[in-house]
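As a plain string of letters, each chain reads:
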Amino acid sequence: MIVIGIDTSTSQTSVAVGTENEILAKASVAGPARQESVTPLLQELLTRSDLTMSQIGGVAVGVGPGLFTGLRVGVETAKTLAQVSGVPIVAVTSLDALAHPMRHSPRLIAAVIDARRGEVFSAIYRAVPGGVVRERDYTVHPPDRLMAELQAMPGEVLAVGNGAMLYRHVLEEIGSRIEFASSIAAHPEASAMVELAVPRFLREEHDRLFDVVPLYLRKSDAEIAWDRRARGV
Amino acid sequence: MITLGIETSCDETAVAVVEDTFVVRANLIASQVHLHERFGGVVPEVAARAHVEALNPLLEETLGNAEIGFGEIDAVAVTTGPGLAGALLVGMAAAKALSLATGADLVGVNHLEGHYWANFLEHGPPEPPYVALIVSGGHTMLVHVPEMFRHVVLGQTLDDAAGEAFDKVARLIGLGFPGGPALDAMARQGDPHAIRFPRAMEDSGDFDFSMSGLKTAVLRHVKASRAAGQDLHLPDLAASFQEAIVDVQVTKTIAAAKDMGSPTILLGGGVVANTRLRERLAAAAEREGLRVLFPSMPLCTDNAAMIACLGSARWTRGERTSLDIAADPQLRLSV
Ligand SMILES: [Zn+2]
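Being a predicted model, the structure only gives us computed values, none of them experimental.

(A) Representation of the sheet that holds strand β4 (residues 58-62) of chain A. Residue and element names in this part refer to chain A. Reading across the sheet, the 5 strands line up as β3-β2-β1-β4-β5 and stay open at both edges, with mixed pairing between neighbours. Edge positions in the sheet fall to β3 (23-29) and β5 (89-92), since each has one partner strand and no second. Across this sheet, the average inter-strand angle for adjacent strands is 15°, counted without regard to direction. Bridge count for strand β2 (residues 13-18) against β3 is 6 bridges, and the pairing is antiparallel.

In structure tokens:
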């Protein structure tokens with residue numbers, strides 16, 4: 001089964017094509033966000049691999065958390081590809097995709113994505129045979145809150161993601177038991193989306209296409225202001 | 001030849017199918033008005049989120065209504081600007097994916113050009129030249145179209161768009177958001193000559209507009225009446241305010257058509273749904289021996305049929321858009 005993977009939750013635009021056995025092709029463009037290149041990048045990948053959309057059996061997409069505008073481009077692209085091609089879709093969170101390649105570490109894994117405005121999106125995982133399990137819910141909060149959370153958890157920690165890089169100085173306050181993954185692993189990769197999604201496609205654990213939306217974790221500014229007014233603060 | 005149109009530049013998610021450029025097979029809109037109502041205006045982030053939820057079910061429904069499959073689409077036309085960046089990107093992402101998955105050609109379209117093309121769906125395209133008045137919540141603009149697809153912007157608003165002025169005054173007198181239709185209805189019960197509001201830039205000799213002076217005058221009138229303990233006659237206020245806007249639009253549009261030697265005037269945009277603007281322009285054009293076209297009410301507001309129609313016409317003359325096109329919130333009309 002051939003699956004397309006897409007992730008646009010950070011300033012990196014990442015696409016991949018793979019099967020249960022291998023990644024057939026992948027491309028990631030880092031730097032200033034240019035999400036409009038998702039579809040042309042995918043087109044190039046298919047052409048180079050001598051594949052057509054008619055051979056694709058599923059679409060895996062990173063639903064964040066991450067930067068809203070970029071996320072929407074990736075999610076809408078994936079939904080429409082799946083809808084038009086009549087194939088199933090699987091939503092993968094971008095934090096799961098960050099933690100997944102770290103699964104051979106015996107440490108606690110903190111996946112951290114920069115949420116701008118002095119906050120981070122994060123989740124904490126522990127490695128188990130064959131993958132990782134999430135120990136804490138997906139959250140958005142200031143990095144010192146994440147640091148305090150990690151401080152309260154025993155054991156060594158591996159922090160991964162562009163948010164971990166950016167707030168390294170804050171997270172380091174928990175002491176020498178924290179280590180940081182390389183910057184080459186700082187963005188969710190579409191190839192990880194493919195690897196995580198293929199077993200779900202094979203088990204037919206698809207998502208309902210019309211229900212796939214970005215995992216925002218944060219309301220719009222207008223709604224935040226409205227709620228604040230409604231509470232009278 | 002089948003063209004799919006997608007429009008997500010503001011707060012309406014819209015999908016349409018046209019056949020051979022001018023025949024509408026299906027034209028659907030998922031309105032978000034209720035989501036923005038409590039904020040008193042369109043919130044870009046709320047709009048973009050709603051597009052992601054609404055667009056794919058709407059695609060399915062539209063194709064069902066048009067009785068076609070995705071494989072029958074020859075071209076996919078999509079609004080690439082002007083509009084809200086985050087909102088535009090949702091429709092464009094879908095259009096590009098659809099193009100990749102089906103092999104249909106992508107054609108990027110200017111939203112404002114689409115607004116006056118809405119006329120051609122119902123009346124067919126008359127011979128150019130035209131003068132087009134485009135009035136909506138975001139734009140107030142007079143454009144000369146010497147030949148198809150060529151535009152010379154004659155003038156535009158220096159501050160608020162006409163639709164914005166309608167919304168602000170409607171809010172001031174408690175009509176809620178969006179205020180245009182409610183204000184129009186209330187104005188029909190009032191006397192348009194009851195209060196003399198300024199006709200900003202009516203005699204400026206150019207084709208630019210300004211709404212801020214009028215807005216201030218309305219506000220001053222409301223405050224003065226309240227201070228004097230007088231009851232405001234809201235229908236008179238609404239009618240007089242509306243008349244001041246309409247007067248300037250009619251005067252300038254007719255002058256532009258005469259200056260350009262254009263026998264045809266095209267109206268487009270949400271504010272063209274205003275009944276007073278329609279009747280006054282129709283009457284003025286008749287007096288001057290000019291032809292004026294306006295779209296029916298559903299085609300005045302943002303819709304995808306106009307986008308599909310324009311995209312199909314541009315496709316027919318060989319235009320294709322590359323898959324890596326970016327959204328352009330300030331997109332200009334082609335010259
Ligand atoms: Zn419009």
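There's more to say after this.
(B) Structural view of the interface of chain A and chain B. Contacts between the two partners involve 33 residues from chain A and, on the opposite side, 30 residues from chain B. Buried area between chain A and chain B, summed over both chains or domains, comes out near 2800 Å², and the portion from carbon and sulfur atoms is 69%. Our count for the chain A to chain B interface comes out at 2 salt bridges. A salt bridge links Arg38 of chain B to Glu223 of chain A; the nearest nitrogen and oxygen atoms lie 3.9 Å apart. Taken together, the elements giving at least two residues each to the side of chain A that touches chain B come down to α1 (38-48), α2 (68-85) and α8 (221-230) of chain A. In terms of residue count, the dominant contributor to the side of chain A that touches chain B is α2 of chain A (13 residues). For the side of chain A that touches chain B, the per-class residue count stands at 17 nonpolar, 8 polar and 8 charged.

(C) Spatial organisation of the sheet that holds strand β2 (residues 12-19) of chain B. All names here are of chain B. Reading across from one edge, β3-β2-β1-β4-β5 is the order of the 5 strands in this open sheet, with mixed pairing throughout. Each end of this open sheet is capped by a strand with a single partner; those strands are β3 (23-31) and β5 (105-110). Sheet twist, expressed as the mean angle between neighbouring strand axes with direction ignored, is 20°. Bridge count for strand β1 (residues 2-7) against β2 is 6 bridges, and the pairing is antiparallel. When the sheet's bridge partners are listed, Leu4 is paired in β2 with Val17. Where helix α2 (residues 44-66) meets the sheet, its contacts fall on β1, β2 and β3, and the angle it forms with β2 comes to roughly 25°. Sitting on the sheet, helix α4 (residues 111-123) touches β1, β2, β3, β4 (75-81) and β5, and the angle it makes with β5 is about 100°.

Basis of the calculations
Residues numbered from 1 in each chain as written. Chains lettered and ligands numbered in written order. Predicted model: local features only at pLDDT ≥ 70, side-chain atom pairs only at ≥ 80, totals over all residues. Heavy atoms only, no water. Pairing = 2+ DSSP bridges. Helix = DSSP H or I, 4+ residues; strand = E, 2+ residues; numbered from the N terminus. Axes fitted to C-alpha atoms, helices over the stretch in contact; angles between N-to-C directions. Contact = heavy atoms within 4.5 Å. Buried area = accessible area lost by both parts, 1.4 Å probe. Salt bridge = Lys/Arg side-chain N within 4 Å of Asp/Glu carboxyl O. Nonpolar A, V, L, I, M, F, W, Y, C, P; charged D, E, K, R; others polar.

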